[in-house]
Amino acid sequence: MSHNDQVVVTGAGGFIAGSLVAALRNHGYRRIRAVDIKPLAYWYQRFDDVENLSLDLNEKENCEIAARGAREIYNLAANMGGMGFIEKNKAVCMLSVLINTQMLQSAVKYGATRYFYSSSACVYNGDKQKSFEAPLLKEEDAYPALAEDGYGWEKLFSERMCRHFREDFGLYTRVARFHNVYGPWGTWFGGREKAPAAICRKVIEAKLTAKHEIEIWGTGHQTRSFMYIDDCLEGVQKIMNSEILEPINLGSSEAVSINQLVDLVEGIAGIRLERKYDLDAPRGVNGRNSDNTLIKRYLNWEPSIPLQMGLEKTYAWIYDQCLAREKGAAGVVREFATISS
Ligand code: NAD
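Within each chain, residues carry numbers counting from 1 in the order of the written sequence. pLDDT decides what is reported in this predicted model: residues at 70 or higher carry local features, side-chain atom pairs at 80 or more are listed and counted, and totals for whole chains, interfaces and linings draw on all residues regardless. Side-chain measures were taken over the full set of non-hydrogen atoms in the model, leaving aside hydrogen atoms and water.

Observations regarding the domain arrangement of the protein
Bring the parts together and some accessible area is lost; that lost area is often taken as the interface size. Under the domain assignment, the protein is made up of domain 1 (6-182 + 229-250) and domain 2 (195-224 + 255-289 + 306-327). As used throughout, domain bounds are those supplied by an automatic or database domain assignment. Taking the mean C-alpha position of each, domain 1 and domain 2 sit 27 Å from one another. Whether two residues are in contact is decided by their heavy atoms, any of which lying within 4.5 Å being enough. At the interface, 18 residues of domain 1 touch 21 residues of domain 2. Simply put, the buried area is the total loss of 1.4 Å probe accessible area from both parts when two parts are fitted together. When the buried surface of domain 1 facing domain 2 is broken down by residue, Q129, F132 and Y182 rank first, second and third, together holding 43% of it.

In structure tokens form, the structure reads like this:
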């Protein structure tokens, strides 16, 4: 792969793929095509020296426009969000199968050599995530299949599609199962935000309004691990360039409960809030952590940025976003409604 080869990143108007475009630019790639369904004004990050295309990849002809001439394709486009979004939009989440299927077909048609697909920890069997003790999920724990309804099943199916395109068409597909990614430039309000951003925002709003309360979804005992964006980007590059044929975990193994996550954010903000637990809100599985045995064996590496450090940066960024929103200033990362519901 030379720095003059064409690289395509889909979902580039969003959090991770937008940050990936920034990282590829920093690594010296000069021909980057960034694609997203959102109008350009809604992209979280956008760069003038990149070919930015606003295209709906649910349409096959648009996938072909996106893939034409590409040597490497990073397919991160998907309809996704936190539990509040995926529990209420299962059909919409499953429709992302069109994006991956047609991007794979277009990659083969135009002779791409490498193809990355962003899968998710939501593929794991729900029965293995009933304990609040943050069970470590190994790659084999996706089977027998009992994925997160809607979003998780789409990811599992698309993983297999990647495998069969590799076997049948020789496309060099690589699949990472992301465990909760957070950091600056992530969705932080509007309904699709995930726990770290939502908690940072709620703590900041409580601080700014002096209303010292916070609403927490569920009991707060649910456990998760959270991977800082820089670790995610490094892992994506390492996996794309590796010999790892099967889907592999890409996540931090530093698990915390949601209550501990709130403790950390309160510590950064320098306040304590009264906690109100909404037991009817979507809460997902009880416990989940990333077993990193395989990634350490293959890459001699695993995500290692401490949660405290990543949260400090994320909190500072969301704080600035909150202030900019209050002033009605430009540059606020906001959601664009890609679905009508
Ligand atoms: P994001 O919502 O910020 O980015 C996804 C982007 O895909 C959005 O900008 C959206 O507009 C775009 N998109 C949706 N439908 C499209 C279409 N039809 N055509 C073109 N673009 C379309 O989400 P993210 O957090 O950056 O996630 C990126 C990828 O990583 C997704 O595939 C997601 O499922 C996966 N993932 C993310 C996490 C996480 O914690 N953020 C965890 C597991 C997996």
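Comments concerning the sheet that holds strand β5 (residues 114-120)
Pairing within the open sheet is parallel, and its seven strands lie in the order β3-β2-β1-β4-β5-β7-β12. Each edge of the sheet is formed by a strand with only one pairing partner; in this case those strands are β3 (51-54) and β12 (248-250). Going from strand to strand, the sheet's axes swing by 20° on average, the running direction of each strand aside. What makes two strands pair is DSSP finding at least two bridges between them. Here a helix means four or more residues in a row that DSSP labels H or I, a strand means two or more in a row labelled E, and each is numbered from the N terminus. Pairing geometry for strand β1 (residues 6-10) and strand β4 (residues 72-75), over four bridges, is parallel. Paired with T10 across the strands is N75, a residue of β4. For helices, the fitted axis covers only the stretch in contact; all axes are lines through C-alpha atoms, and the angles between them, taken along N-to-C directions, range from 0 to 180 degrees. Contacts from helix α1 (residues 15-26) reach β1, β2 (31-36), β4 and β7 (172-178), with the element oriented near 160° to β1. Against the sheet, helix α2 (residues 60-67) makes contact with β1, β2, β3 and β4, and its axis sits at roughly 160° relative to β2, the strand it touches most.

Topic: the layout of surface pockets
A probe matching the size of a water molecule, rolled over the atoms, marks out where space remains unfilled. Buried and open spaces are told apart on a 1 Å grid over the protein atoms alone, a cavity being a set of points where a 1.4 Å probe fits but cannot get out and a pocket being an open set with protein on both sides within 12 Å along at least five of seven lines. Residues with an atom within 4 Å of a point are the lining residues. Grid points are joined across faces, edges and corners, and a volume is the space filled by probe spheres set on the points. Of the volumes computed, that of the second largest pocket is approximately 150 Å³. Counting residues per element, the ones that place at least two in the lining of the second largest pocket are α7 (195-209) and β9 (213-217). In terms of residues, the lining of the second largest pocket owes the most to one element, α7, which gives four residues. Here the residues of the lining of the second largest pocket are counted per class, giving two nonpolar, one polar and five charged. Ten residues, namely Ala, Val, Leu, Ile, Met, Phe, Trp, Tyr, Cys and Pro, are considered nonpolar, four, namely Asp, Glu, Lys and Arg, are considered charged, and the remaining ones, Gly among them, are considered polar.

Regarding the packing of aromatic side chains
How two aromatic rings sit relative to each other is set out by the distance from centre to centre and by the angle between their planes. Aromatic contacts are taken between Phe, Tyr and Trp rings whose centres are within 6.5 Å, Trp giving its six-membered ring; a plane angle under 30 degrees counts as stacked, one over 60 as edge-to-face, and the others as tilted. Counted by the stated rule, this structure contains seven aromatic pairs. Seen from their ring centres, F165 and F169 are 5.0 Å apart, and the 55° between their planes marks the pair as tilted. Of the two residues, F165 and F169 are both situated in helix α6 (residues 151-169); the distance of four residues between them amounts to about one turn of the helix. Three or more aromatic residues link up through ring pairs in this structure, and these residues are Y74, F116 and F178. Across the ring face of Y44, the terminal group of K38 is positioned such that the distance to the ring centre comes to 4.0 Å. Between the NZ or CZ atom of R325 and the centre of the ring of F189, over which it lies, the distance is 4.8 Å. In this scheme, Lys NZ or Arg CZ marks a charge over a ring once it lies within 6 Å of the ring centre and within 35 degrees of the ring normal.

So, the site of the ligand
Residues in contact with the ligand amount to 26 residues; listed here are only the nearest, F15, I16, D36, Y151 and V181. A78 is positioned such that a nitrogen or oxygen atom in its backbone is 3.3 Å from an oxygen atom of the ligand. At the level of elements, α1, β5 and α6 are the ones that each hand at least two residues to the shell around the ligand. No other element matches the three residues that β5 contributes to the shell around the ligand. The class makeup of the residues in the shell around the ligand is 13 nonpolar, eight polar and five charged. We call a residue near a molecule or strand as soon as one heavy atom of that residue lies within 4 Å of the molecule or strand. Polar contacts, as counted here, are pairs of nitrogen or oxygen atoms within 3.5 Å of one another; within protein the pair requires one atom able to donate a hydrogen and one able to accept it, and residues that are adjacent in sequence qualify only if both atoms are side-chain atoms.

Quick look at unusual backbone geometry
A cis amide bond links Y143 to the next residue, P144, at an omega of 0°. Tracing the chain through its elements places P144 in the loop between β6 (136-137) and α6. With a phi angle near 50°, A134 is a residue other than glycine that sits in the positive phi range. The topology assignment puts A134 in the loop between β5 and β6. The phi dihedral of W185 falls on the positive side, at around 75°, and the residue is not glycine. Along the chain, the position of W185 falls in the loop between β8 (181-182) and α7.

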